[in-house]
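Okay, here's what each chain looks like letter by letter:
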Amino acid sequence: MSFNKAESKEDISERTCNQPKSTTIIKYEKSSCLFCNEWFDAQTFTEHLIHCGQVLEECPNTCNVFIPRIRMRAHLKECPRSKQHVNHRLSANIERLEHSVDHRVQVLEQDIGMIRSVLNEEIRQRLHLITDVGNIRKQNQVVEDWTRGTDDNVNGLKRQLEEETAQRIFTDEQCQNDFQYCCNLTQSLKDQVQMQLDDTQKHINQLSLDVSYHQNQLNDNIMKLEEIVFENERSNREKFLQIDDFLKQINEDLKAKLVSSDDITKQATLDYEVKSVKNIVCETEERCDKLENIILDIDRKLHETMQTVGELENHLAMHQRITSVQNIRGHFIWRIKDYSKQLDEAKQYDTILHSPMFSNKAFGYALRLDIYLNGKGTWKGRNLIACLNVLPGEYDPLLPWPCRLQAEVIIRDQAGAEAQDYVKTVQVRKKSDDFIQSNQYFHIPHKVITSRNYLRNDSLFVEVRVLK
């Protein structure tokens, strides 16, 4: 490496400052000569530079040739210039050299100091480069190891992908076979359900005929009972009028004949007859009350029978809907129409509203929401009582038991953008498919239902969402 002697100390110091600092300090006891590449101690290095034979000097004969010191004499013998001129030039050069030797020694010392600092800086840079090269080699080794490990991982992933692809192909084939089997099983189930629906339809038609027949008989009996009650009331009213007239006449006779003993006997007889008539009236009233209770029981049973028939029809329609489209998302919205009318019926007959059947997922549990509009037990008359039931389903043998579900029952606010729904969370638990479920009821006060916009156009929207 060669260095320009004209380079200033400021440039060298600036270049030195721009180099990265190192925490390791290395001290060299020897330095190499830039001309002969020989190594010398620090003490003899300056003297060597003064007497080094490889230092280039200009020919004193002004032939514009730079010759090493050790070959200067040989060059002067072969120089084309005249010997006199050469001698004159040589003596002049010697004098000039003698005069400037001190100045050159100082300059050389300064240059040597600069060169030494530059060499030290170069050595430090070399050490840094060696360290960087070592780090790069380590990084390359790490990269090679990582590349090798990545190649191994990629090859392993390729093998796993091939195995997974083969397994998926096998799984797809098996799923297709299972799907075909399920389609066949579904078709057979549809046929069985259709047969059961036909039988249920026939049974419902028969029940409808029986109900119509019994209803006609009940209507006839009710009409007859009403006629008998009216006739008894009319006859009792006439008897009461006759008894009242008779009692008035007796009172007049008693006033006229207070002393007669026959009148006393007649009075006793009349009293006995009045008591008998009163007993007859009481018995008639008791019979009327019994008939009214019987009529109320018959009316209640008739309403329950009609409700059962309606539920059977709804159940049949629901089964027909289930065979075509099943709600298997665990989410539905139920609209309760004629809320006021159904609330009055619930107050009078303790009726129960049953929602359509739905499922929490495909081939899942069969669920239904039951609502007591007028409440139940101690909550009766002030609250709406509801519960979520787990019903016997077609796929119960394939499902995990005990059943544990969590659902949200939401009373929807019909206020549009400013709606604030009323939310209730309910837990559903059932031990097994053949075990009777202990229902968990929740209540909603009637004041809440009639507040805001939950009830509009005499309709109430109830949403059920089964949580995952």
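Residues numbered from 1 in each chain as written. Predicted model: local features only at pLDDT ≥ 70, side-chain atom pairs only at ≥ 80, totals over all residues. Heavy atoms only, no water.

Draft legend 1. Summary view of the overall build of the protein. Looking only at helices and strands, the protein has seven helices and 14 strands in total. Counting the 468 residues in the protein, one finds 24% classified as buried. Once local pairs closer than 6 in sequence are excluded, the contacts in the protein between residues at least 24 apart make up 59%. Counting every atom, the protein has about 33700 Å² of accessible surface; 53% of that belongs to carbon and sulfur. (Helix = DSSP H or I, 4+ residues; strand = E, 2+ residues; numbered from the N terminus. Buried < 20%, exposed > 50% of the residue type's maximum accessible area, 1.4 Å probe, protein only. Contact = heavy atoms within 4.5 Å. Areas by Shrake-Rupley, 256 points an atom, 1.4 Å probe, with all protein chains shown as cover.)

Draft legend 2. Just empty space enclosed by the protein, in detail. Counted according to the given criterion, the structure contains two cavities of 30 Å³ or more. Of the pockets and cavities examined, the second largest cavity occupies roughly 30 Å³. In terms of lining residues, the second largest cavity is bounded by Ile371, Leu384, Ala386, Val409, Ile411, Phe442, Ile444 and Val462. Sorting the residues of the lining of the second largest cavity by element identifies strand E9 (383-391), strand E10 (403-411) and strand E12 (442-445) as the ones contributing at least two each. Of the residues assigned to the lining of the second largest cavity, the class counts are eight nonpolar, no polar and no charged. (1 Å grid on protein atoms, 1.4 Å probe; cavity = no way out; pocket = protein on both sides within 12 Å on 5 of 7 lines; lining within 4 Å. Points joined across faces, edges and corners; volume = space filled by probe spheres on them. Nonpolar A, V, L, I, M, F, W, Y, C, P; charged D, E, K, R; others polar.)

Draft legend 3. Representation of the nonpolar core within the structure. With 33 residues, the main nonpolar core has Leu369, Ile371, Leu373, Leu460 and Val462 as its most contacted residues. Elements that contribute at least two residues to this core include exactly strand E5 (331-336), helix H6 (339-349), strand E8 (366-372), E9, E10, strand E11 (422-430), E12 and strand E14 (459-466). Looking at this core element by element, the count peaks at five residues for E10. (Core = buried A, V, L, I, M, F, W, Y, C linked by side-chain atoms within 4.5 Å.)

Draft legend 4. Structural detail: the pattern of salt bridges. On inspection of all chains with the given rule, the structure shows 11 salt bridges. Of the charged contacts, one joins Glu164 and Arg168 as a salt bridge, the two residues approaching to 2.9 Å between their closest N and O atoms. Taken together, the residues Glu164 and Arg168, both in helix H4 (residues 83-256) and four residues apart, mark about one turn of the helix. Across the pair Arg452 and Asp413 runs a salt bridge, and its minimum N-O distance is 3.1 Å. Of this pair, Arg452 sits in the loop between helix H7 (446-450) and strand E13 (455-456) while Asp413 sits in the loop between E10 and E11; the two residues are 39 residues apart in sequence, bridging distant segments of the chain. The exposure class assigned to Arg452 is partly exposed, which follows from its relative accessible area of 43%. Overall, the relative accessible area of 7% leaves Asp413 in the buried class. (Salt bridge = Lys/Arg side-chain N within 4 Å of Asp/Glu carboxyl O.)

Draft legend 5. Just the environment of Gln437, in detail. Structurally, the position occupied by Gln437 is in the loop between E11 and E12. Taking C-alpha positions, Gln437 is 8.9 Å from Leu391, a pair spaced 46 residues apart along the chain. In this structure Gln437 touches Leu388, Asn389, Val390, Val428, Arg429 and Lys430, once residues within four positions along its chain are discounted.

Draft legend 6. Examining unusual backbone geometry more closely. Residues Trp401 and Pro402 are joined by a peptide bond in cis, for which omega reads 0 degrees. Positionally, Pro402 belongs in the loop between E9 and E10. In this structure, Arg452 takes a positive phi of about 50 degrees despite not being glycine. Backbone geometry places Asp458, a non-glycine residue, at a positive phi of 60 degrees. By the element assignment, Asp458 lies in the loop between E13 and E14. Since its relative accessible area comes to 27%, Asp458 is described here as partly exposed.

Draft legend 7. The confidence of the model for the protein, seen in detail. When pLDDT is averaged across the protein, the result is 77; 82% of the residues are at 70 or more. Confidence, read as mean pLDDT per element, is least for helix H1 (residues 9-18) in the protein (45) and greatest for E14 (94). Segment residues 1-23 is flagged for pLDDT under 50; beyond a separation of four residues in sequence, or across chains, it makes 23 contacts in the model. Taken together, the stretch residues 322-326 has pLDDT below 50 and engages in four contacts with residues farther than four places along the chain or on a different chain. (pLDDT = per-residue confidence, 0-100.)

Draft legend 8. Looking closely at the pairing of E10. By the bridge criterion, nine bridges tie E10 to E11 in an arrangement that is antiparallel. The partner of Ala407 across the bridge, within E11, is Val426. Relative to E14, E10 runs antiparallel, the two sharing five bridges. Counterpart to Glu408 in the pairing with E14 is Arg465. (Pairing = 2+ DSSP bridges.)

Draft legend 9. Local environment of the packing of aromatic side chains. As enumerated under the stated definition, the model contains four aromatic pairs in all. Summarising the aromatic geometry, the rings of Phe363 and Tyr395 are spaced 5.1 Å apart at their centres and angled 85 degrees between planes, so their arrangement reads as edge-to-face. Separated by 32 residues along the polypeptide, Phe363 in the loop between strand E7 (358-359) and E8 and Tyr395 in the loop between E9 and E10 bring together distant segments of the chain. Among the residues examined, Tyr395 registers a relative accessible area of 23% and is labelled partly exposed. (Phe/Tyr/Trp six-rings, centres within 6.5 Å; stacked < 30°, edge-to-face > 60°.)

Draft legend 10. Geometry of the side chain of Asn374. In this fold, Asn374 is placed in the loop between E8 and E9. When its relative accessible area of 7% is taken as the criterion, Asn374 is described as buried. Ignoring any residue separated from it by four or fewer positions in sequence, one finds Asn374 in contact with Leu343, Ala346, Lys347, Trp379, Lys380, Gly381, Asn383 and His446.

Draft legend 11. Up close: a negative patch on the surface. There is a patch of like negative charges on the surface, built from Glu233, Glu283, Glu285, Glu286, Asp289 and Glu292. Sort the elements by how many residues they give to the negative patch and helix H5 (residues 261-324) lands first, with five residues. Here Glu286 lies in helix H5. (Patch = residues over 30% accessible without salt bridge, like charges linked within 9 Å, V, L, I, M, F, W, Y side chains within 5 Å. Lys, Arg positive; Asp, Glu negative; His and termini not counted. Charge placed at Lys NZ, Arg CZ, Asp CG, Glu CD.)

Draft legend 12. How the structure looks around the environment of Val448. Tracing the sequence through the fold places Val448 in helix H7. Remark: the alpha-carbon pair of Val448 and Ile411, spanning 37 residues in sequence, is separated by 9.7 Å. Once residues within four sequence positions are removed from consideration, Val448 is found in contact with Tyr422 and Tyr454.

Draft legend 13. Just H6, in detail. Within H6, burial applies to Tyr339, Leu343, Ala346 and Tyr349. Relative to the axis of H6, the buried residues are bounded by an arc of 155 degrees and lie together on one face. Residues of H6 that are exposed and point over 90 degrees away from its buried face: Lys341 and Gln348. One or two positions beyond H6, positive phi appears at Asp350, with a value near 55 degrees. (Arc of directions from axis to C-beta.)

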